[in-house]
Amino acid sequence: MCSSDLVVADRISERAATVMFYPLIVFALISVAYWHFSGDLRLYVVAQFLPVLLIPLILVLFPATTGDAPLLWSVLAVYAVAKVFEFADGQIFAALQVVSGHTLKHVTAALGVYFFLLAARGRYANVAR
């Protein structure tokens, strides 16, 4: 399960999340393969950034059945910070001389995964009750 599936399952429907899960995984894999073989990043950019645009829209427009919204907003915020670290990779290394933006991106992304796991755990703890 990924963050978009968690959001869709909670706020739209379990069925919608189930139906879209594998096609989204396949699209993500195709986007990386296409980038690798063609050098064209357009599909990869769609796979990476469309959820970042749609998840906040879903969070705002559809009511939650669980209390995970702060955690999901945290995932998005941490992702945004990770992207800033990624784009400022060289500048960060030049300034700090110890660690690069790429390294900080991965550490920050791990924090995002932690928030996602907390949200998923809360969701499935509620289902088990």
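Now for a look at the structure at hand. Counting restarts for each chain, with residues numbered from 1 along the sequence as it is written. The predicted nature of this model means local features are confined to residues of pLDDT at least 70 and side-chain atom pairs, given and counted, to a pLDDT of 80 or more, with totals for whole chains, interfaces and linings taken over all residues. To obtain the side-chain values, all non-hydrogen atoms of the structure were used and water was disregarded.

A look at the pattern of salt bridges
Here comes step 1: By salt bridge we mean one thing: a side-chain nitrogen of Lys or Arg within 4 Å of a carboxyl oxygen of Asp or Glu. Enumeration according to the criterion identifies four salt bridges in this entry.
Here comes step 2: A salt bridge links Arg-42 to Asp-40; the shortest N-O distance between them is 2.6 Å.
Here comes step 3: Only protein chains enter the area calculation, which uses a 1.4 Å probe; residues under 20% of their type maximum are buried, those over 50% are exposed, and those in between are partly exposed. You can call Arg-42 exposed: its relative accessible area is 60%.
Here comes step 4: Residue classification places Asp-40 among the buried positions, given a relative accessible area of 16%.
Here comes step 5: Salt bridges linked by common partners bring Lys-83, Glu-86 and Lys-105 together as one network.

Some words on the packing of helix H4 (residues 69-87) against helix H5 (residues 89-96)
Here comes step 1: Running from amino to carboxyl end, H4 crosses H5 at an angle of 75 degrees, the nearest separation of the two axes being 4 Å. The orientation of H4 relative to H5 falls into the category roughly perpendicular. Across the interface between the two elements, Phe-85, Glu-86 and Phe-87 from H4 touch Asp-89, Gln-91 and Ile-92 from H5.
Here comes step 2: Polar here means any residue other than Ala, Val, Leu, Ile, Met, Phe, Trp, Tyr, Cys and Pro, which are nonpolar, and Asp, Glu, Lys and Arg, which are charged; Gly is therefore polar. In terms of residue class, the contact of H4 with H5 is made up of three nonpolar, one polar and two charged. All axes here are fitted lines through C-alpha atoms, helices being fitted over the stretch that makes contact, and every angle between N-to-C directions spans 0 to 180 degrees. Only DSSP runs of H or I reaching four residues or more are called helices, and only runs of E reaching two or more are called strands; each is numbered from the N terminus. Should an angle lie under 35 degrees it is considered roughly parallel, over 145 roughly antiparallel, and from 65 to 115 roughly perpendicular; all remaining angles are considered oblique. Note on definitions: a residue-residue contact is assigned when non-hydrogen atoms from the two residues lie within 4.5 Å.

With respect to unusual backbone geometry
Here comes step 1: In this structure, Gln-97 is a non-glycine residue whose phi angle is positive, near 60 degrees.
Here comes step 2: In this fold, Gln-97 is placed in the loop between H5 and helix H6 (101-128).

Quick look at the side chain of Asp-40
Here comes step 1: For Asp-40, the position within the fold is in the loop between helix H2 (14-38) and helix H3 (42-61).
Here comes step 2: Under the rule applied, a polar contact is a pair of N or O atoms within 3.5 Å (in protein, one hydrogen donor and one hydrogen acceptor; residues adjacent in sequence only if both atoms are side-chain atoms). For Asp-40, the side chain forms a polar contact with the side chain of Tyr-34, separated by 3.4 Å.
Here comes step 3: At 2.6 Å, the side chain of Asp-40 and the side chain of Arg-42 are in polar contact.
Here comes step 4: Other than its neighbours up to four places away in sequence, Asp-40 contacts Tyr-34 and Trp-35.

Details of the environment of Leu-24
Here comes step 1: Residue placement: Leu-24 occurs in helix H2.
Here comes step 2: On the basis of relative accessibility, which here comes to 37%, the residue Leu-24 falls in the partly exposed class.
Here comes step 3: Once the C-alpha coordinates of Leu-24 and Ala-47 are considered, the two residues, 23 residues apart in sequence, prove to be 8.3 Å apart.

What to know about the packing of aromatic side chains
Here comes step 1: Between rings of Phe, Tyr and Trp, where Trp is taken as its six-membered ring, a pair exists when centres lie within 6.5 Å; planes separated by under 30 degrees are stacked, by over 60 edge-to-face, and by other angles tilted. On inspection of all chains with the given rule, the structure shows three aromatic pairs.
Here comes step 2: The interplanar angle of 80 degrees and the centroid separation of 5.0 Å between the aromatic rings of Phe-21 and Tyr-22 together place this pair among those described as edge-to-face.
Here comes step 3: Relative to Tyr-44, the ring of Trp-35 has its centre 4.7 Å away and its plane inclined at 35 degrees; by these criteria the two rings are tilted.
Here comes step 4: Look at Tyr-44 and you get partly exposed, because its relative accessible area is 23%.

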